[in-house]
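What the coordinates show
The chain contents come next:
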Amino acid sequence: MENPDLTVETEARSSGRIQRANGLAGDVYEAIFAQLMSLKIPPGARITVDNLVREFDVSHTPIREALGRLEGEGLVVKTHLIGYSAAPQITRRRFDELYELRLLLEPAAAAKATATLDEERLAVLQEAAGVMARRVGKDERLRYSNFARQDAIFHDKIMEFAQNELIRETLNHQHTHFHIFRLMYHSRVTEEALDEHEAILAAFAAGDAHAAEKAMQVHIENSRDRLLPAFE
């Protein structure tokens, strides 16, 4: 999912130099998304449109379009007469509920997806997993932001290939990955998760449904344990 050209473009966005040729509203969205994921904009913080206009040197329109999209993803909250703010951090109870839901649904879905995988679908998962480009880019915060997106795509593709749209829609509706990644900015979150993605991919490549189910379970349990310190 990530390549050197994309990394250069993303680095330009994070520094305020929006690349207009790539679609202004989309670039603004990606720049704000990166700030939310890396906690440069912390949970609950006010987001002032005028400040973003000055930072990115763009008009109000693409800023508002980007914030509207982020609002739809649950990352930004718009309050009447007040304006925009970053969504608050999820509570410990919500965190526990999300991981309980994931452990109930995703390991079994990984096992089911194994039977549907051909070379083309396996290649899609290998690219989405982020393993092949794990050390592209020098900016750690951008790599974290990029992986937050890739992790969501990787898990969503597994749900798609498991062929249960209700489960897929349920997980997507929770915006699970985005909220989880906003709990803690740390390179360990990405590096260990990438190792676990490799284990899931190996099980898929071997056509081993039981191993895929177990690898997904371990991945989700480890993800939960990595992020628990955010509540201490």
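Described below are features of the structure shown in this document. (Residues numbered from 1 in each chain as written. Predicted model: local features only at pLDDT ≥ 70, side-chain atom pairs only at ≥ 80, totals over all residues. Heavy atoms only, no water.)

1. Examining the pattern of salt bridges
Within the structure shown, the criterion is met by 13 salt bridges. Where Glu106 meets Arg102, a salt bridge forms, and the shortest distance between an N and an O atom there is 2.6 Å. Here the residue Glu106 and the residue Arg102 both occupy positions in helix α5 (residues 92–114), the gap between them amounting to four residues, near one helical turn. Residue class for Arg102 comes out buried when judged on its relative accessible area of 3%. Here Asp156 makes a salt bridge to Arg168, at a shortest N to O gap of 2.8 Å. (Salt bridge = Lys/Arg side-chain N within 4 Å of Asp/Glu carboxyl O. Helix = DSSP H or I, 4+ residues; strand = E, 2+ residues; numbered from the N terminus. Buried < 20%, exposed > 50% of the residue type's maximum accessible area, 1.4 Å probe, protein only.)

2. A look at the packing of α5 against helix α8 (residues 165–173)
Closest axis-to-axis distance for the α5/α8 pair is 11 Å, and the angle between their directions is 150°. In terms of their interaxial angle, α5 and α8 are classed as roughly antiparallel. Where α5 crosses over α8, the two elements pack in a sense that is left-handed. On the side of α5, the interface is formed by Leu101, Arg102, Leu105 and Glu106, while α8 contributes Ile167, Thr170 and Leu171. Of the residues assigned to the contact of α5 with α8, the class counts are four nonpolar, one polar and two charged. (Axes fitted to C-alpha atoms, helices over the stretch in contact; angles between N-to-C directions. Parallel < 35°, antiparallel > 145°, perpendicular 65-115°, else oblique. Left-handed = near helix turned anticlockwise from the far one by under 90°. Contact = heavy atoms within 4.5 Å. Nonpolar A, V, L, I, M, F, W, Y, C, P; charged D, E, K, R; others polar.)

3. A few points about the sheet that holds strand β1 (residues 46–47)
Strand pairing within a sheet occurs via backbone hydrogen bonds; the two strands may be parallel or antiparallel. Read from one edge to the other, the open sheet built from three strands follows the order β1-β3-β2, with strand pairing classed as antiparallel. Edge positions in the sheet fall to β1 and β2 (76–79), since each has one partner strand and no second. The pairing of β2 with strand β3 (residues 83–86) spans four bridges and is antiparallel. Looking at β3, one finds that Lys78 is bridged to Tyr84. Where helix α4 (residues 60–72) meets the sheet, its contacts fall on β1, β2 and β3, and the angle it forms with β2 comes to roughly 110°. (Pairing = 2+ DSSP bridges.)

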